[in-house]
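Close look at the chain arrangement
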Amino acid sequence: QVQLGESGGGLVQPGGALRLSCAASGSILNIYAMGWYRQAPGKQRELVATINSGGSTNYADSVKGRFTISRDNAKTTVYLQMDSLKPEDTAVYYCNANIRPLTADSINYWGKGTLVTVSS
């Protein structure tokens, strides 16, 4: 059983910062790309940032220069440092990871989501 556990969401004022974390656990053989997506009320889920196993990153234009994605040395935890937050960043943020479990081919896993609210 593989799980993604997210933490770090909450309420922050415009211009503030938050750090999201997502840890993969379970019977894992390998973890490939990890990333963050978000879904605002009434909108489709969209990519925020991704990082592959080699450390290469990709960002949505709307967050470039404000958000930073990173992974720990064991490459089982992905972080999203969010600075200069704007009200339009308000959304449920979902962790995503392409993982190969011990007894199966690679599967795309999703976390349950963590709410980020940017408001004064």
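One can find the structure itself at the top, above this paragraph.
All figures in this text were calculated on a predicted structure; none of them were measured in a lab.

Another aspect to go through is the sheet that holds strand β7 (residues 67-71). Read from one edge of the open sheet, 4 strands run β1-β3-β8-β7, paired in antiparallel fashion. The open sheet has two free edges, formed respectively by β1 (2-7) and β7, since each of these has just one partner strand. Geometrically, the sheet is characterised by an average inter-axis angle of 15 degrees between neighbouring strands, direction not taken into account. Relative to strand β8 (residues 77-82), strand β3 (residues 18-26) runs antiparallel, the two sharing 6 bridges. In the sheet register, R19 faces β8, and the bridge partner there is Q81.

As enumerated under the stated definition, the model contains 4 salt bridges in all. Here R38 and D89 are joined by a salt bridge, their closest N and O atoms 3.0 Å apart. Remark: D89 occurs in the loop between β8 and β9 (91-101) and R38 occurs in strand β4 (residues 28-39); sequence separation between them is 51 residues. When salt bridges with common partners are traced through the structure, they connect R38, E46, R66 and D89 into a single cluster.

In the structure shown here, the tally under the stated rule is 1 disulfide. What pairs with C22 in a disulfide is C95, and their sulfur atoms sit 2.0 Å apart. On the sign convention where negative is left-handed, the bridge of C22 and C95, at about -80 degrees about the S-S bond, is left-handed. Placement of the pair is C22 in strand β3 and C95 in strand β9, with a sequence separation of 73 residues. The class for C95 is buried, based on a relative accessible area of 0%.

A few words on the pairing of β3. As paired elements, β1 and β3 share 6 bridges and run antiparallel to each other. The residue bridging V2 from the neighbouring strand is G26, located in β3.

Turning next to the pairing of strand β11 (residues 114-118). The alternating pattern of β11 places T114, V116 and V118 on a buried face and L115 and T117 on a face that is not buried. Pairing of strand β2 (residues 10-12) with β11 involves 3 bridges; the strand directions are parallel. The residue bridging G10 from the neighbouring strand is V116, located in β11. In terms of strand pairing, β9 meets β11 through 3 bridges, oriented antiparallel. Each residue of the ladder has a partner; that of V92, found in β11, is L115.

The rules behind each value
Residues numbered from 1 in each chain as written. Predicted model: local features only at pLDDT ≥ 70, side-chain atom pairs only at ≥ 80, totals over all residues. Heavy atoms only, no water. Pairing = 2+ DSSP bridges. Helix = DSSP H or I, 4+ residues; strand = E, 2+ residues; numbered from the N terminus. Axes fitted to C-alpha atoms, helices over the stretch in contact; angles between N-to-C directions. Salt bridge = Lys/Arg side-chain N within 4 Å of Asp/Glu carboxyl O. Disulfide = S-S within 2.5 Å. Buried < 20%, exposed > 50% of the residue type's maximum accessible area, 1.4 Å probe, protein only.

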